Amino acid sequence: MTHRIKALFVHLLTATGAVFAMLAMLAAVKEMWDVMFMWLVVAFVVDGIDGPLARKYDVKTNAPEFDGVIMDLIIDYLTYVFIPAYALFASGLLAGWTGWFAIIVITFTSAMYYSDTRMKTKDNSFSGFPGCWNMAIIVIFATTPNHWVIMAVVAILAVAMFLPLKFIHPVRTERWRMISLPVALAWVVFAAWAAWGNFSVNPIANIGLIVTTLYLMLAGLAQQWTDPKSV
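Structural notes, computed from the coordinates. (Residues numbered from 1 in each chain as written. Predicted model: local features only at pLDDT ≥ 70, side-chain atom pairs only at ≥ 80, totals over all residues. Heavy atoms only, no water.)

It is worth spelling out the overall build of the chain at this point. Tallying secondary structure elements over the chain gives nine helices and two strands in all. Listing each helix as α and each strand as β along the chain from the N terminus yields α-α-α-α-α-β-α-α-β-α-α. For the chain, whose C-alpha radius of gyration is 17 Å, the value lies close to the compact-globule estimate of 17 Å for 231 residues. Residues counted as buried form 45% of the 231 residues belonging to the chain. Restricting to contacts in the chain with at least 6 residues of sequence separation, those with at least 24 account for 78%. Each charge class in the chain was averaged separately, 14 positive and 13 negative side chains, and the resulting centres sit 7 Å apart. (Helix = DSSP H or I, 4+ residues; strand = E, 2+ residues; numbered from the N terminus. Rg over C-alpha atoms; globule rule 2.2 N^0.38 Å. Buried < 20%, exposed > 50% of the residue type's maximum accessible area, 1.4 Å probe, protein only. Contact = heavy atoms within 4.5 Å. Lys, Arg positive; Asp, Glu negative; His and termini not counted. Charge placed at Lys NZ, Arg CZ, Asp CG, Glu CD.)

Set out below in structure tokens:
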């Protein structure tokens, strides 16, 4: 198999994320939140795999007619932002104007962030909260906090997108990667486990989901605090 064919297969793998996004959306419309999150977890796994493969097979050189970065951003916006935001709105966790506030803030700020050319730091982390609303909202589904708490979380994360705060990429950020990558894999397991049980079957899954999410959200801030020059 030539490098070009391998590179094309990487693009095809990335494009499957759009299919998983559609399957997640169809489940969301039917309010099958467990199924929706399962498909979002699958899309998350694909997103974690296709990047290293794209660099390994140098898709920019071997299959330049397809822009993997644009494709990835489109799919990420659907699976990380748009569908989770819809789920938060339609689930009833936010009533009345609070639901409208959340989806407008999430979708608008994320669109601005995803088009920001300054979103990456020099160590391949993210500058500002990287719009991983899928991670935040699945925890909200697992814990069902008060609607004011949810509103506060949405507001804080939306503002954090545009602050000089560091958030790790568990695959590309080299510092602590020996910890971050296993934690990201554990997040996948706990997220799938929690969603499969509709967030009520096993509290261990929910606890694991919360702990791994907190690490992935806060590890970059800890790195920044110990090494301010990393941003």
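As a further point, take the pattern of salt bridges. One pass over the full model with this rule turns up three salt bridges. With a shortest N-O distance of 2.5 Å, K166 and D123 are connected by a salt bridge. Of this pair, K166 sits in strand β2 (residues 166-167) while D123 sits in the loop between α5 (97-114) and β1 (126-127), and the two are 43 residues apart along the sequence. (Salt bridge = Lys/Arg side-chain N within 4 Å of Asp/Glu carboxyl O.)

Among the surface-exposed residues, W100, I104, F108, M112 and F162 lie close enough to one another that they form a single nonpolar patch of about 590 Å² accessible area. You can see F162 is positioned in the loop between α7 (147-160) and β2. (Patch = residues over 30% accessible without salt bridge, like charges linked within 9 Å, V, L, I, M, F, W, Y side chains within 5 Å. Areas by Shrake-Rupley, 256 points an atom, 1.4 Å probe, with all protein chains shown as cover.)

When you line up the elements, T109 lands in helix α5. Overall, T109 belongs to the buried group, its relative accessible area being 13%. Every residue in contact with T109, bar those within four places of it in the chain, is listed here: A158, M161 and F162.

Tracing the sequence through the fold places G208 in helix α9 (residues 203-226). On the basis of relative accessible area, G208 is assigned to the buried category, the value being 9%. For G208 and V183, which are 25 residues apart along the polypeptide, the C-alpha to C-alpha distance reads 9.9 Å.

The next subject is the packing of helix α1 (residues 3-29) against helix α4 (residues 68-90). Relative orientation and spacing of two packed helices are given, respectively, by the angle between their axes and the distance between those axes. Running from N to C, α1 and α4 point in directions that differ by 15°, and their axes come no closer than 10 Å. Classed by the angle they form, the pair α1 and α4 counts as roughly parallel. Between α1 and α4 lies a crossing of left-handed hand. Contacts between α1 and α4 involve H11, T14, A15, G17, A18, A21, A24, M25, A28 and V29 on the former and, on the latter, G68, M71, D72, I75, L78, T79, I83 and Y86. The residue inventory of the contact of α1 with α4, partitioned by class, reads 12 nonpolar, five polar and one charged. (Axes fitted to C-alpha atoms, helices over the stretch in contact; angles between N-to-C directions. Parallel < 35°, antiparallel > 145°, perpendicular 65-115°, else oblique. Left-handed = near helix turned anticlockwise from the far one by under 90°. Nonpolar A, V, L, I, M, F, W, Y, C, P; charged D, E, K, R; others polar.)

It is worth spelling out the packing of aromatic side chains at this point. On inspection of all chains with the given rule, the structure shows 15 aromatic pairs. By the ring-pair criterion, three or more aromatic residues cluster together here, those being W33, F37, F141 and F199. (Phe/Tyr/Trp six-rings, centres within 6.5 Å; stacked < 30°, edge-to-face > 60°.)

Moving on, we come to the nonpolar core. Membership of the largest hydrophobic core comes to 59 residues, with the highest contact counts inside it found for M36, F37, L88, F129, W133 and W187. Counting residues per element, the ones that place at least two in this core are α1, α2 (33-56), α4, α5, α6 (133-143), α7, α8 (177-196) and α9. Examining the composition of this core, we find that nine residues originate from one element, α6, more than from any other. Those residues in contact with M36, other than ones at most four positions away along the chain, are A24, A27, A28, I83 and A87. In terms of nonpolar packing, the next biggest core, distinct from the first, is built from six residues, A54, Y57, V59 and A63 among them. (Core = buried A, V, L, I, M, F, W, Y, C linked by side-chain atoms within 4.5 Å.)

Another point: the packing of α5 against α7. The geometry of α5 relative to α7 is characterised by a closest axis approach of 10 Å and an angle of 20° between their N-to-C directions. Compared by their axis directions, α5 and α7 come out roughly parallel. Remark: the crossing between α5 and α7 carries left-handed chirality. Contacts from W97, T98, F101, A102, V105, I106 and T109 of α5 reach α7 at H147, W148, M151, V154 and A158. Looking at side-chain class alone, the contact of α5 with α7 contains nine nonpolar, three polar and no charged residues.

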